[in-house]
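Overview (structure and organization)
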Amino acid sequence: MKYKACLFDLDGVLVDTAIYHFQAWRTLGKQFDFELSHEQNEELKGISRVESLDKILHWAQFQATQEQKDIWLKEKNETYLELISHMNPSEILPGVLTFLKQLKDQGYLIALGSASKNAQIILEKTGLITWFQAIIDGNKVTKSKPDPEVFLKGVEALACSPADCIVFEDAQAGIDAAKAGGMKVVGIGSSAILFGADKIIPSFNDIQVSDLLLL
Ligand code: BG6
Ligand code: MG
């Protein structure tokens, strides 16, 4: 087999949680009179919670103490946790389950590589957890995408090498991370805003496992 494993980002690839992050940041922003736009939300994809707040405060031109930031990070996550508490398998994005099944049937290893510290709970709520041989999330890394750490740890957990692996990502930071780690990468979304991927697909309805051999 040309490749042995597939590593998936979570938010925006397997489930559409970007809408919940957006709502939770908008709720927080009210405290300092800031309304996050959809374009700005796009820039928060793939990056950590801490970096997201720093960007938002920069856009809002608001100086905050570390103590204040810690309180807001906690509050944002409480709002987010409330929003995702209602998630269920119907929120798995189109084509994902069929693709995962094809991968499993053909003997590919499957891992998660996500910046989220809430990955475990989302995987449990949606029932996706059973598909993964390794889960690397925001609790297991020290450096955020575009650093390749999250994917390199996934590769290591699967006892593979980067050249054996294909990453699936919806964020530019994630595509850059996969490339920096020496992996092939399939971008999920639009070629108008994602650059440097080996292939771009609108959704998992647009790819078959056999297409991976062409990467
Ligand atoms: C990424 C999201 O997957 O996880 C980012 O794309 C988010 O938008 C990051 O900031 C961290 O998520 P969490 O759940 O730890 O706040
Ligand atoms: Mg993502």
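Residues numbered from 1 in each chain as written. Chains lettered and ligands numbered in written order. Predicted model: local features only at pLDDT ≥ 70, side-chain atom pairs only at ≥ 80, totals over all residues. Heavy atoms only, no water.

Quick notes on the domain arrangement of the protein
How big an interface is tends to be expressed through the accessible area that disappears when the partners come together. Test applied: Here the bounds of each domain stem from an automatic or database domain assignment. Any two residues whose heavy atoms approach within 4.5 Å at even a single point are treated as in contact. Defined here as a combined quantity, buried area equals the accessible surface (1.4 Å probe) lost by two parts on assembly, summed across both. When a carboxyl oxygen of Asp or Glu lies within 4 Å of a side-chain nitrogen of Lys or Arg, that pair is called a salt bridge.
Taken domain by domain, the protein holds domain 1 (5–15 + 91–214) and domain 2 (18–84). Spacing between the C-alpha centres of domain 1 and domain 2 amounts to 24 Å. The partner domain 2 presents 13 residues to the 14 residues of domain 1 that form the contact. For the domain 1 and domain 2 pair, buried surface summed over both sides reaches about 1,000 Å², with 51% attributable to carbon and sulfur atoms. At the junction of domain 1 and domain 2, the tally comes to 0 salt bridges.

So, the pairing of strand S4 (residues 165–169)
Note the cut-off: To sort residues, take the accessible area from a 1.4 Å probe on protein chains only and compare it with the maximum for the residue type: under 20% means buried, over 50% means exposed, and anything in between is partly exposed. Helix and strand assignments follow DSSP, with helices taken as H or I runs no shorter than four residues and strands as E runs no shorter than two, numbered in order from the N terminus. Paired strands, in this sense, are two strands between which DSSP finds at least two bridges. If the strands point away from the viewer and the path from the first strand over the helix to the second runs clockwise, then the crossover is right-handed.
By the criterion of burial, S4 is predominantly enclosed, with 5 of the 5 residues buried. Here S4 shows no split at all, with Cys 165, Val 167 and Glu 169 on one side and Ile 166 and Phe 168 on the other all buried. Looking at chain direction, strand S1 (residues 5–8) and S4 are connected through 4 bridges and run parallel. Bridging from a neighbouring strand, Cys 6 pairs with Ile 166 of S4. With 4 bridges joining them, S4 and strand S5 (residues 184–188) adopt parallel strand pairing. Residue pairing across strands places Ile 166 opposite Lys 184, the latter belonging to S5. For the crossover from S4 across helix H8 (residues 172–180) to S5, the handedness is right-handed.

Comments concerning helix H1 (residues 18–29)
So the rule is basically this: A helix's residues, less one, multiplied by 1.5 Å, set its expected span.
For H1, which comprises 12 residues, the first-to-last C-alpha distance of 16 Å matches the rise-based estimate of 16 Å (1.5 Å per residue) to within 8%. Looking only at H1, the buried set comprises Ala 18, Tyr 20, His 21, Phe 22, Ala 24, Trp 25, Leu 28 and Gly 29. Turning to H1, the residues buried within the fold contact helix H2 (38–43), helix H3 (49–59) and helix H4 (66–84).

So, the packing of H1 against H4
Note the following rule: Angles shown run from 0 to 180 degrees and are taken between the N-to-C directions of axes, each axis being a line fitted to C-alpha atoms and, for helices, limited to the stretch in contact. Should an angle lie under 35 degrees it is considered roughly parallel, over 145 roughly antiparallel, and from 65 to 115 roughly perpendicular; all remaining angles are considered oblique. Two helices crossing with the near one rotated counterclockwise from the far one by less than a right angle form a left-handed crossing, whereas a clockwise rotation gives a right-handed crossing. Ten residues, namely Ala, Val, Leu, Ile, Met, Phe, Trp, Tyr, Cys and Pro, are considered nonpolar, four, namely Asp, Glu, Lys and Arg, are considered charged, and the remaining ones, Gly among them, are considered polar.
One can describe the packing of H1 onto H4 by two numbers: an axis separation of 9 Å at closest approach and a directional angle of 135 degrees. In terms of axis orientation, H1 runs oblique to H4. When the axes of H1 and H4 are compared, the crossing they make is right-handed. Together, Tyr 20, His 21, Gln 23, Ala 24, Trp 25, Thr 27 and Leu 28 of H1 and Trp 72, Leu 73, Glu 75, Lys 76, Thr 79, Tyr 80, Leu 83 and Ile 84 of H4 make up the contact between the two elements. Here the contact of H1 with H4 is composed, by residue class, of 9 nonpolar, 4 polar and 2 charged.

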